[in-house]
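Single-letter residue listing:
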Amino acid sequence: MAKVAIVGTGAMGSVYAGLLADAGHEVWAIDKWAEHVEAIKKNGLRVQGASGDHLGRPHASTRAADAGICDLVIIATKAMDVSEAATSARALVGPKTLVLTIQNGIGSVDNAAAALGREQLAVGIVGGFGASIPKPGHAHHNGWEIVHFGELKGPPTKRLETAADIWRSAGFKVQTYDDIDRMIWEKFICNVCFSGTCALTGLTIGQVIDDPYAWQVASGCATEAWRVAKAKNIAIAIDEPVGYVRNFGGKIPNAKPSMLLDQIARRRSEIDVINGAVPWQAKNVGLTAPINETVVALVKQREQEFSA
């Protein structure tokens, strides 16, 4: 069994921590949310949803250093918290540690690398889960889809395959990639489709698909991102973006993207690295992204009133 630390046990990080612990690994759940940490210490970490009903019993702490050196470190915070999380994760990293950074959007890899270097860093992309935290110590996920891992450069290595096997032992479906740009953009296009639109409308993913007006915006956002990926010569396996994102969303119709959950909780979201990344990526290849620009402006207008 492996020693694993998850730095950032929000909704998705809690799914990772609970299922990996339930599979018998020595897991450390690291988070600044003290109430969540205390609930995990007292009662374990319950994960319910598409994977079934599990009760993992990871160690939990608000201090990364308490865990010590680990075999695998997973940085699962939101994009805006990656730099701080990666800095705290230095205490967890030994000569043979692999660090996986798993975020939505574009740009988190460079922030993690600035704190930890690139040699021990790899990238994860997780899609089709639709996770939330109903209460401290309890995570729920609507879907149970694929997990993708890739090295920063080149094909999958033995260390990456070893990490993938750790996840597989907990029931995750894992695929390793030798092209992380493709891996990142195929998920990014789906995030762009649903995140901002759900946040603005308050609708679930399935409701956005079914509403002709919301779907016009959501599919337009995805199409703009797809055009940028094609212009950047990224080898995405998507011939028709609207059908692709509809199929993706149809697997988790009841899910509320994290950006919508942030709006409900009056927290600032990852809009800058999701919908907000499309316009500046588009500019670099001579395109525009007016639908995403409008979505970003509207989300930011709401978030002016949010404290954090």
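Since the structure is predicted, the reported quantities are computational estimates derived from the model, not experimental observations.

A. Region of the structure containing the overall build of the chain. When you go through the chain residue by residue, the secondary structure sums to twelve helices and twelve strands. A compact globule built from 308 residues would reach a C-alpha radius of gyration of about 19 Å, and the chain, at 18 Å, matches this within 12%. In the chain, buried positions account for 55% of the 308 residues. At a minimum sequence separation of 6, the contacts of the chain that also span at least 24 residues come to 69%. For the chain, the accessible surface area stands at approximately 13,200 Å², while carbon and sulfur atoms represent 50% of it. Of the side-chain charges in the chain, 31 are positive and 31 negative, and the distance between the mean point of each set is 2 Å.

B. Main features of the pattern of salt bridges. All told, the structure shown has 13 salt bridges when counted by the stated rule. By sharing partners, the salt bridges in this structure join K78, D262 and R267 into a single network.

C. Seen up close, the sheet that holds strand β12 (residues 173-177). As summarised here, the arrangement of the eight strands in space is β5-β2-β1-β6-β7-β8-β11-β12, forming an open sheet in which the pairing is mixed. Looking at which strands have only one partner, the edges of the open sheet turn out to be β5 (59-61) and β12. Averaged over all neighbouring strand pairs, the angle between strand axes comes to 25°, with direction disregarded. Here strand β8 (residues 121-126) pairs with strand β11 (residues 146-151) via five bridges, running antiparallel. Bridge pairing links I125 to H148 in β11. Lying on the sheet, helix α1 (residues 11-22) is in contact with β1 (3-7), β2 (26-30), β6 (70-75), β7 (93-102) and β8; it crosses β1 at an angle near 165°.

D. A look at the sheet that holds strand β9 (residues 131-135). Strand order in the open sheet made by the four strands is β4-β3-β10-β9, with mixed pairing throughout. With one partner strand each, in any of the chains shown, β4 (52-56) and β9 form the two edges of the open sheet. Looking at each pair of strands side by side, their axes are set apart by 20° on average, direction ignored. With five bridges joining them, strand β3 (residues 45-49) and β4 adopt antiparallel strand pairing.

E. Region of the structure containing unusual backbone geometry. If you check the backbone angles, N233 has positive phi at about 60° while not being a glycine. Within the secondary structure, N233 sits in the loop between α8 (212-231) and α9 (241-250). Unusually for a residue other than glycine, R266 sits at a positive phi of about 60°. Position of R266 relative to the elements: it lies in the loop between α10 (258-264) and α11 (277-284).

F. Main features of helix α12 (residues 290-303). Taking 1.5 Å as the rise per residue, α12 with 14 residues should run 20 Å; its terminal C-alpha atoms sit 20 Å apart, in good agreement. Three or more residues of α12 are buried, namely N292, V295, V296, V299 and E303. Angularly, the buried residues of α12 cover 100° about the axis, an arc narrow enough to put them on a single face. Looking at the buried positions of α12, the neighbouring elements they touch are α6 (180-201), α8, α10 and α11.

G. Up close: the packing of aromatic side chains. Scanning the model with the defined rule gives nine aromatic pairs in all. Here F149 and W167 contribute two aromatic rings whose centre-to-centre distance is 5.3 Å and whose plane-to-plane angle is 75°, an arrangement assigned as edge-to-face. Taken as a pair, F149 in strand β11 and W167 in helix α5 (residues 158-168) lie far apart in primary sequence, 18 residues in all. The same class applies to F149 as to W167, namely buried. Joined through ring pairs, the aromatic side chains of Y16, F129, W144, F149, W167 and F172 make up one cluster.

H. Looking closely at the side chain of H54. Inspection of the secondary structure puts H54 in strand β4. Within the structure, H54 has its side chain in polar contact with the side chain of D22 (distance 2.9 Å). Within the structure, the side chain of H54 is placed 2.8 Å from the backbone oxygen of S51, a separation counted as a polar contact. Apart from residues lying up to four places away in sequence, H54 is in contact with L19, D22, L45, R46 and V47.

I. Fine view of the state of the cysteines. Under the definition given, this model contains zero disulfides. Take C193: it sits in no disulfide, and the sulfur closest to it among the cysteines is that of C190, at 7.2 Å. Take C221: it sits in no disulfide, and the sulfur closest to it among the cysteines is that of C193, at 7.5 Å.

Rules of the game
Residues numbered from 1 in each chain as written. Predicted model: local features only at pLDDT ≥ 70, side-chain atom pairs only at ≥ 80, totals over all residues. Heavy atoms only, no water. Helix = DSSP H or I, 4+ residues; strand = E, 2+ residues; numbered from the N terminus. Rg over C-alpha atoms; globule rule 2.2 N^0.38 Å. Buried < 20%, exposed > 50% of the residue type's maximum accessible area, 1.4 Å probe, protein only. Contact = heavy atoms within 4.5 Å. Areas by Shrake-Rupley, 256 points an atom, 1.4 Å probe, with all protein chains shown as cover. Lys, Arg positive; Asp, Glu negative; His and termini not counted. Charge placed at Lys NZ, Arg CZ, Asp CG, Glu CD. Salt bridge = Lys/Arg side-chain N within 4 Å of Asp/Glu carboxyl O. Pairing = 2+ DSSP bridges. Axes fitted to C-alpha atoms, helices over the stretch in contact; angles between N-to-C directions. Expected span 1.5 Å × (residues − 1). Arc of directions from axis to C-beta. Phe/Tyr/Trp six-rings, centres within 6.5 Å; stacked < 30°, edge-to-face > 60°. Polar contact = N/O pair within 3.5 Å; in protein donor to acceptor, adjacent residues only side chain to side chain. Disulfide = S-S within 2.5 Å.

These results come straight from atomic positions and should not be treated as a statement about function.
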